[in-house]
Amino acid sequence: NDLIPVHDTFTIQSKLLGELRTINIWTPLDYKSNLDSLPVIYMADGGIKEDFPHIANTLNLLISQKKIKPFILVGIENTERRRDLTGFTEVEKDKEIAPVVGGSEKFRQFINQELFPEVNKRYRTKNEKCIIGESASGLFVLETFFLTPDMFDTYIAFDPSLWWNNHYLVRTAKEHLNNFPNNEKRLWFASSNTEDIAPFTKELADIFKT
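Predicted, not measured: the structure shown is a model, and the values here were computed from it.

(A) Region of the structure containing the pattern of salt bridges. Enumeration over the complete set of coordinates arrives at 16 salt bridges. Between arginine 81 and aspartate 45 there is a salt bridge; the shortest N-O distance is 2.6 Å. Residue arginine 81 is found in helix α2 (residues 81-85), and its partner aspartate 45 is found in the loop between β3 (38-43) and α1 (52-64); the two are separated by 36 residues along the sequence. Classification of arginine 81 by relative accessible area gives partly exposed; the value is 26%. Assessed through its relative accessible area of 6%, aspartate 45 is described here as buried. Here glutamate 118 ties to lysine 121 by a salt bridge, and the two come within 3.4 Å at their closest N and O atoms. Within this pair, glutamate 118 and its partner lysine 121 are both found in helix α4 (residues 104-122), separated by three residues, close to a single helical turn. Looking at glutamate 118, the relative accessible area reads 17%, which means it is buried.

See below:
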């Protein structure tokens, strides 16, 4: 298990979600002595008992080795994970994985309308934003990339659950990319499931050729 890094924690009463959400913040070692504003990485699965310590410690190592520029990390602790990270589905088997699914749009609104302003108020932030996620969180990253691409500048998805709703994001990739904004966006993704990722990569390759 990763050691828990020094970090801040605050709560935010979300009107959109109708519940109290816990937010964990990691800042680089020289954040307090250096008055620069920093870009921000947002992540679901951001609880202390979730992926937050691992990502924070990885960032700390990469920044100290000067392999990446400094970032602020914002971890959103889960309450009902599968509700928040999944979009709608017409597949009955999908609906059996949790009591409530399909809440990703409301969760995205929470991040955009409530969490962004709170983080910007509390910390010295640049406008540059990134989102990172794995599995269901990776699905949320890619759904956000396609549906609201201007929300972040960089999207990082590991093993995204692309099977959700009968590979809906794969099937609609071309349609969404045809309506993409002209400003530059960066998408990084990796998957150990070649069956899931192969049609997705082909779809991206085909659209970027045209």
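(B) Broad picture of the sheet that holds β3. Strand order in the open sheet formed by seven strands is β1-β2-β4-β3-β5-β6-β7, with mixed pairing between adjacent strands. Pairing within the sheet leaves two strands with one partner each, and these edge strands are β1 (8-14) and β7 (186-190). Adjacent strand axes in the sheet meet at a mean angle of 20 degrees when their direction is disregarded. Alignment of strand β6 (residues 154-158) against β7, held across five bridges, turns out to be parallel. Across the sheet, threonine 154 pairs through a bridge with arginine 186, a residue of β7. Relative to β1, α4 is tilted by about 130 degrees, and along the sheet it contacts β1, β2 (19-26), β3, β4 (72-76) and β5 (125-134). Across the sheet, helix α5 (residues 136-147) touches β5, β6 and β7, and the angle it forms with β5 is around 130 degrees.

(C) Structural view of the pairing of β4. Counting buried residues along β4, five of its five residues qualify, which places the element largely inside the surrounding structure. With burial as the criterion, each face of β4 is covered, one bearing Ile72, Val74 and Ile76 and the other bearing Leu73 and Gly75. As defined by bridge partners, β2 adjoins β4 across four bridges and the pair is classed as antiparallel. In the sheet register, tryptophan 26 faces β4, and the bridge partner there is leucine 73. As paired strands, β3 and β4 are joined by four bridges and run parallel to one another. Pairing of tyrosine 42 across the sheet is with valine 74, part of β4. Once the chain exits β3 it traverses α1 before rejoining the sheet at β4, and the crossover so formed is right-handed.

(D) Expanded view of the pairing of β1. Relative to β2, β1 is paired through seven bridges, and the arrangement is antiparallel. Each bridged residue has a counterpart across the sheet, and for isoleucine 12 the counterpart in β2 is arginine 21. Where β1 folds back onto β2 in an antiparallel hairpin, the turn is made up of four residues, including glycine 18, whose phi is positive at roughly 70 degrees.

Criteria and cut-off values
Residues numbered from 1 in each chain as written. Predicted model: local features only at pLDDT ≥ 70, side-chain atom pairs only at ≥ 80, totals over all residues. Heavy atoms only, no water. Salt bridge = Lys/Arg side-chain N within 4 Å of Asp/Glu carboxyl O. Helix = DSSP H or I, 4+ residues; strand = E, 2+ residues; numbered from the N terminus. Buried < 20%, exposed > 50% of the residue type's maximum accessible area, 1.4 Å probe, protein only. Pairing = 2+ DSSP bridges. Axes fitted to C-alpha atoms, helices over the stretch in contact; angles between N-to-C directions. Contact = heavy atoms within 4.5 Å. Right-handed = clockwise from strand over helix to strand, strands pointing away.

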